[in-house]
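Examination of the molecular architecture
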Amino acid sequence: MSALFENPIKRRKTRQIMVGDVPIGGGAPIAIQTMTNTDTMDIDATVAQILRAQDAGADIVRVSVPTMEAAEAFGEIRKQVDIPLVSDIHFDYRIALRVAELGVDCLRINPGNIGREDRVRAVVDAARERNIPIRIGVNAGSLEKDLQKKYGEPTPDALVESAMRHIDILDRLDFQDYKLSLKASDIFMTVAAYRKISEQIDQPLHLGITEAGGLRGGTVKSSIGLGLLLWDGIGDTIRVSLAADPVEEVKVGWDMLKSLKLRSRGINFIACPSCSRQNFDVIKTMNELEMRTEDIRTSMDVSVIGCVVNGPGEAKETDVGLAGGQPNLVYIDGKPQEKIGNDNLVDDLERLIRERATELEKQREELIATDA
């Protein structure tokens, strides 16, 4: 079903870089990232986690590479997955040089903590030679000591000043193929810092609320902070940082972008919170439906409303809609289709959703063939 209103979000214009085969910035779809939390030296576990994240919809996965031994493990991991990989490296420039040789798609470094300029130049030259972009990652928890002394505590201005130091280094080396993040665990600080830096550079921005918390609290904090920035049109790639399985980060990221109509993948569920008017158990039905339909990649809207007050109105605007009643009425593409009872409600809904997904895919394939 088409949206009722035009999306008011006007995305900020940025340069475009390529992380593997994924375009970042320049009007490209906002990319969803996550980061492995396995021991990188455990190649099998790390590969398995990357594959699960990819299946959940991750566009890019970051892997921590703290040692040269981890760099060699990264090389083996690189051979076993095809999703773009970012290496997370601090201090030791030799690790960056090694993973560049081993096929990394992006280097997450801070030029200022690599050390002497000849070492930074070596990393930049390796990145330039292999068309590898760099991500500058500024974090409120690891600001330079002189900035901590100057500002007394992390502030948006401190984050931006730190970022500009790293940017100045890359500017001197005539390297513009980078993206930038300025993260804090405080929503207000993060949003203010991103808004300020977005007016000063045209490189793509990687959004995140760092150390946001557990699955529930971190989702809320990230949704508020990133939602404010995305509404401003700021942001070219995101990571939802949760103390949870990386797959959950990917799912939350997708739900965030779907809710703002910035990307679509899978089912966008519209469901009532349920009340005494409900004619079936809405909460149980939704829990089962979400689990059963996670594999559906077709972009579609599905409404599940427990009564006839709002049910028909919502159903008329969705691909599949259920309005509770005696019996319940199912709408397909906004039109009443069939009545179903409660005994096999989830089974019947899943069947109808999958049938509609197949129809939508066929329509889209025909449209592509016509355009070609």
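Quick look at the structure, then. Note that the structure is a prediction, hence the values are computed from the model and not measured.

Considerations on the overall build of the protein chain
When its secondary structure is counted, the protein chain shows 12 helices and 15 strands. Over its C-alpha atoms the protein chain spans a radius of gyration of 23 Å, differing by no more than 12% from the 21 Å that the globule rule assigns to 372 residues. With respect to the three principal axes, the spread of C-alpha positions in the protein chain is 75 × 45 × 40 Å. Within the protein chain, buried positions represent 51% of all 372 residues.

A closer look at helix α8 (residues 215-231)
Compared with an ideal rise of 1.5 Å per residue, which puts 17 residues at 24 Å, α8 spans 23 Å between its outermost C-alpha atoms and is within 8% of the ideal. Those residues of α8 that fall on the buried side of the exposure criterion are Gly218, Ser222, Gly225, Leu226, Gly227, Leu229 and Leu230. Lining the buried residues of α8 we find α7 (187-198), β9 (206-207), β10 (237-239) and α9 (246-259). Taken from the residues just after α8, Gly233 is the one with a positive phi, measuring 85°.

A closer look at a nonpolar patch on the surface
A cluster of nonpolar side chains, contributed by Val220, Ile224 and Leu228, occupies part of the molecular surface with about 240 Å² of accessible area. Relative to the helices and strands, Leu228 is located in helix α8.

Some points on the nonpolar core
Formed by 78 residues in total, the largest nonpolar core has its most connected members in Leu107 and Leu230. Broken down by element, the residue count for this core peaks at seven residues, all from helix α6 (residues 156-172). With residues up to four places along the chain from it excluded, the contact list for Leu107 reads Ser87, Ile89, Ala96, Val99, Val123, Ala127, Ile132, Pro133, Ile134 and Arg135. The next biggest cluster of nonpolar side chains, apart from the first, holds 22 residues, and it includes Phe269, Phe280, Ile340 and Leu345.

Re the sheet that holds β10
Taken in spatial order, the eight strands make up an open sheet running β8-β7-β6-β5-β4-β3-β10-β9, and their pairing is parallel. One side of each edge strand has no neighbouring strand; the edge strands of this open sheet are β8 (178-183) and β9. Where strand β3 (residues 31-35) and β10 come together, three bridges link them in parallel fashion. The residue of β10 that forms the bridge with Gln33 is Arg239. Along the sheet, α7 makes contact with β8 and β9, crossing β8 at roughly 150°.

A look at the packing of helix α1 (residues 43-56) against helix α2 (residues 68-80)
In helix packing, the relevant descriptors are the interaxial angle and the interaxial distance, both defined with respect to the helix axes. For the pair α1 and α2, the least separation of the axes is 10 Å and the interaxial angle reads 40°. What the angle tells us is that α1 and α2 run oblique. Where α1 crosses over α2, the two elements pack in a sense that is right-handed. Note on element contacts: α2 touches α1 through Ala73, Glu76, Ile77 and Gln80, opposite Ile43, Thr46, Val47 and Ile50. Here the residues of the contact of α1 with α2 sort into five nonpolar, two polar and one charged.

Thoughts on the environment of Glu249
Note that Glu249 resides in helix α9. Contacts of Glu249, omitting those with residues within four sequence positions, involve Thr34, Met35, Arg239, Val240, Ser241 and Leu242. A distance of 3.0 Å separates a polar atom in the side chain of Glu249 from a polar atom in the side chain of Arg239.

A look at the pairing of strand β11 (residues 267-271)
Bridge count between β11 and strand β12 (residues 300-305): five bridges; the pairing is parallel. Bridged to Ile267 within β12 is Met300. The parallel pair β11 and β12 is bridged by helix α10 (residues 282-292), and the resulting crossover is left-handed.

Describing the side chain of Arg239
Summarising the element assignment, Arg239 is placed in strand β10. Under the relative-accessibility criterion, Arg239 is labelled buried at 13%.

Re the packing of α1 against α9
Contact geometry of α1 with α9 gives a least axis separation of 9 Å together with a crossing angle of 15°. What the angle tells us is that α1 and α9 run roughly parallel. The handedness of the crossing between α1 and α9 is right-handed. Facing Gln49, Arg52, Ala53 and Ala56 of α1, the residues of α9 in contact are Pro246, Val247, Val250 and Trp254. Residues that form the contact of α1 with α9 fall into these classes: six nonpolar, one polar and one charged.

Rules behind the numbers
Residues numbered from 1 in each chain as written. Predicted model: local features only at pLDDT ≥ 70, side-chain atom pairs only at ≥ 80, totals over all residues. Heavy atoms only, no water. Helix = DSSP H or I, 4+ residues; strand = E, 2+ residues; numbered from the N terminus. Rg over C-alpha atoms; globule rule 2.2 N^0.38 Å. Buried < 20%, exposed > 50% of the residue type's maximum accessible area, 1.4 Å probe, protein only. Expected span 1.5 Å × (residues − 1). Contact = heavy atoms within 4.5 Å. Patch = residues over 30% accessible without salt bridge, like charges linked within 9 Å, V, L, I, M, F, W, Y side chains within 5 Å. Areas by Shrake-Rupley, 256 points an atom, 1.4 Å probe, with all protein chains shown as cover. Salt bridge = Lys/Arg side-chain N within 4 Å of Asp/Glu carboxyl O. Core = buried A, V, L, I, M, F, W, Y, C linked by side-chain atoms within 4.5 Å. Pairing = 2+ DSSP bridges. Axes fitted to C-alpha atoms, helices over the stretch in contact; angles between N-to-C directions. Parallel < 35°, antiparallel > 145°, perpendicular 65-115°, else oblique. Left-handed = near helix turned anticlockwise from the far one by under 90°. Nonpolar A, V, L, I, M, F, W, Y, C, P; charged D, E, K, R; others polar. Polar contact = N/O pair within 3.5 Å; in protein donor to acceptor, adjacent residues only side chain to side chain. Right-handed = clockwise from strand over helix to strand, strands pointing away.

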